[in-house]
Amino acid sequence: MTPPQTSPYAEVIGDPIAHSKSPAIHGFWLQQLGIDAHYHQQHVTAEELEAYLADRRGDPQWRGCNVTMPHKQAIMDLCDQLDPLAERVAAVNTVVKQPDGSLTGYNTDVGGFLEPLASDLEATHLFRMARVLGTGGAARAIVSGLSDHGFVIVLAGRNPDKARTMLDELAPKGEHHNVHIDHFAQTTDFAFDDREGCLDLVVNASPLGMRGQEELGFDWSHAPPGAIAYDIVTDPLDTQFLQKARAAGHTAIDGYAMLIGQADQAFELFFGQKPPRHNDAQLRELLQQ
């Protein structure tokens with residue numbers, strides 16, 4: 001475990017963890033604000049998770065941790081209480097030690113995902129539809145967030161039954177649809193109706209397209225004109241999915257948007273201050289080094 005700290009600190013845990021950009025994000029903000037605190041990464045296996053939290057509970061300098069795969073579900077049972085959103089999504093990506101020493105589990109992925117869509121969501125639309133590709137932990141947060149904002153969701157996965165179960169659990173009030181992810185891989189000649197006054201999203205919530213993974217098979221003939229492409233993959237940042245979206249005339253949102261957005265909420269929970277978001281361009285340059 002990390003040696004004893006003499007100033008407040010938070011960290012990110014996972015298995016693997018070496019790829020995480022969270023230390024760079026939080027470290028940048030701490031430096032910008034002149035806060036005497038630190039943020040580390042800590043490799044924690046599934047077998048070590050319970051012992052890790054027991055150890056950190058006794059550290060007066062530890063403020064909490066961000067949680068990456070594969071611990072977002074397992075860590076829920078080790079928290080003393082859950083924020084209602086984390087309980088609903090059934091995934092925790094941020095654990096905060098409270099003044100009384102108890103641990104609260106939060107989910108900042110929902111807010112992080114929605115942040116770059118804020119101006120669109122403030123507008124009034126006749127209809128909102130989102131095609132979401134993937135049925136993992138990130139998709140749970142995304143489906144929850146979009147359903148709260150009135151989207152009809154088409155959830156695509158390798159197991160359509162899993163997609164249906166997720167929709168019934170997280171968005172039971174809407175008329176949502178589940179399909180096999182291959183449905184979107186082939187060209188379609190579907191004639192979209194008038195999209196004036198509509199908001200359409202296509203979201204890659206899967207690891208497909210990530211470095212070392214196979215490419216995501218999505219043909220942009222399945223997206224209506226004016227749709228927004230959103231990819232949560234961060235390596236590479238400019239994925240083939242986004243490149244093809246721009247070539248087809250769509251607006252593109254990359255994975256750093258959600259990554260920085262969810263870190264924003266976690267940073268305030270850990271250190272009690274809002275991060276300096278006016279320096280996002282500089283932060284993005286740092287993350288690409």
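Below or above, wherever it landed, is the structure these notes cover. Each chain carries its own residue numbering, running from 1 in the written order of its sequence. Only residues with pLDDT of at least 70 get local features here, since the model is predicted, and only at 80 or more are side-chain atom pairs given and counted; chain-wide, interface and lining totals rely on the full set of residues. Hydrogens and water molecules were not included; the side-chain quantities draw on all heavy atoms of the structure.

## Quick notes on the packing of aromatic side chains
Aromatic contacts are taken between Phe, Tyr and Trp rings whose centres are within 6.5 Å, Trp giving its six-membered ring; a plane angle under 30 degrees counts as stacked, one over 60 as edge-to-face, and the others as tilted. Within this structure, the stated rule accounts for 11 aromatic pairs. Among the aromatic residues, those joined into a ring-pair cluster are Trp29, Tyr39, Phe267, Phe270 and Phe271.

## Focus on the layout of surface pockets
Of the volumes computed, that of the largest pocket is approximately 1000 Å³. A pocket, in this scheme, is an open set of points on a 1 Å grid over the protein atoms alone with protein on both sides within 12 Å along at least 5 of 7 lines, while a cavity is a set where a 1.4 Å probe fits but cannot get out; residues line either one if an atom lies within 4 Å of a point. His19, Met69, Lys72, Met210 and Ile232 are the residues nearest the centre of the largest pocket, which is lined by 31 residues in total. Where helices and strands are cited, they refer to DSSP runs of H or I of at least four residues and of E of at least two residues respectively, numbered from the N terminus. Where the lining of the largest pocket is concerned, the elements lending two or more residues are strand S3 (62-67), helix H6 (137-148) and helix H9 (255-271). The dominant element in the lining of the largest pocket, judged by the number of residues it contributes, is H9, at four residues. In the lining of the largest pocket, the residues fall into 13 nonpolar, 13 polar and five charged. Counting only elements with at least two residues in the lining of the second largest pocket, the list comes to strand S7 (127-133) and strand S9 (177-180). In terms of residues, the lining of the second largest pocket owes the most to one element, S7, which gives three residues. Its residues placed into classes, the lining of the second largest pocket shows eight nonpolar, four polar and three charged. Grid points are joined across faces, edges and corners, and a volume is the space filled by probe spheres set on the points. The classification used treats Ala, Val, Leu, Ile, Met, Phe, Trp, Tyr, Cys and Pro as nonpolar, Asp, Glu, Lys and Arg as charged, and all other residues, Gly among them, as polar.

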